[in-house]
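# Descriptive structure summary
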Amino acid sequence: MEFSSKLLENAVYEMSQLPGIGKRTALRLVLHLLKQPEERTELLAHAVLKLRGEVNFCKNCYNISDTEVCEICANPKRDETMVCVVEDIRDVMAIENTSQYNGLYHVLGGKISPMEGVGPQDLNIVPLIKKVKDGTIKELILALSSTMEGDTTNFYIYKQLEGQDVTTSTIARGISVGDELEYADEVTLGRSIINRVPFESSIKAN
Ligand SMILES: [Zn+2]
């Protein structure tokens, strides 16, 4: 792509670093911003910088939160004996939308992926194991995607918990999960949480 302006080229390049944004889309977005009043760009830039600079993760579940402990963890009506393990905040939002789950969450921040150089140490797995060993959790629901990375991560966690007094279950397969969890319709996702199966039987089924 040939640019008549270095400023434009830089802006397009930075925009195209976002996931799912190719050079053409980046150019369209940048030109769109130029057509808008200048304060629109300022508001956008300010919101992103403020988020980046001030973002806070719940010290209990690692969900993005404006407070030290997120609203879900701080809610006394939630069942703290049940923890749903998810990849990121999008999954928390999707499951919350179903209104079928009243436990807490644990946000891993990704999945184990040797291809992308993500190992267990890069995720919030150690604090999860520690939480289980502390003894309040009775059931752990593994709600990662049914991709190879999701399976690997589920299995890794399961192995780490061997010998612990905790029930490990997984949400029903055959529905869109993980990367697609946010797109699964609420009824299907809600049902898959209610109809979750023991993790052992899910390994045998594969
Ligand atoms: Zn929390």
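See the structure shown above.
Scoring rules and cut-offs
- Residues numbered from 1 in each chain as written.
- Predicted model: local features only at pLDDT ≥ 70, side-chain atom pairs only at ≥ 80, totals over all residues.
- Heavy atoms only, no water.
- Buried < 20%, exposed > 50% of the residue type's maximum accessible area, 1.4 Å probe, protein only.
- Helix = DSSP H or I, 4+ residues; strand = E, 2+ residues; numbered from the N terminus.
- Pairing = 2+ DSSP bridges.
- Salt bridge = Lys/Arg side-chain N within 4 Å of Asp/Glu carboxyl O.
- 1 Å grid on protein atoms, 1.4 Å probe; cavity = no way out; pocket = protein on both sides within 12 Å on 5 of 7 lines; lining within 4 Å.
- Points joined across faces, edges and corners; volume = space filled by probe spheres on them.
- Nonpolar A, V, L, I, M, F, W, Y, C, P; charged D, E, K, R; others polar.

With that settled, the discussion passes to the pairing of strand β3 (residues 139-142). Burial of the side chains of β3 extends over both faces: E139 and I141 are buried on one face and L140 and L142 on the other. Pairing between strand β1 (residues 79-86) and β3: four bridges, direction parallel. What sits directly across from V85, in β3, is L142. Of the pairings in the sheet, the one linking β3 to strand β4 (residues 167-170) comprises four bridges and is parallel in character. Paired with L140 across the strands is T168, a residue of β4.

The next subject is the pattern of salt bridges. Following the criterion strictly, the structure yields nine salt bridges and no others. For R78, the salt bridge identified is with E96, shortest N-O distance 2.8 Å. Taken together, the residues R78 in the loop between α4 (71-74) and β1 and E96 in helix α5 (residues 89-98) connect sequence positions 18 residues apart. Looking at R78, the relative accessible area reads 12%, which means it is buried. Judged by its relative accessible area of 26%, E96 falls in the partly exposed class. The partner of K111 in a salt bridge is E87, with the nearest N and O atoms 3.5 Å apart. Residue K111 is located in the loop between β2 (103-107) and α6 (126-134), and its partner E87 is located in the loop between β1 and α5; the two are separated by 24 residues in the primary sequence.

What follows covers the layout of surface pockets. Space inside the largest pocket adds up to approximately 330 Å³. Lining the largest pocket are 13 residues, with R52, V55, F57, I64 and I89 sitting closest to its centre. A breakdown of the residues in the lining of the largest pocket according to their chemical character gives seven nonpolar, three polar and three charged. As for the second largest pocket, its lining consists of M15, L18, L29, H32, L33, T41, L44, A45 and V48. It is helix α3 (residues 38-54) that provides the largest number of residues to the lining of the second largest pocket, a total of four residues. Here the lining of the second largest pocket is built from residues that sort into seven nonpolar, two polar and no charged.

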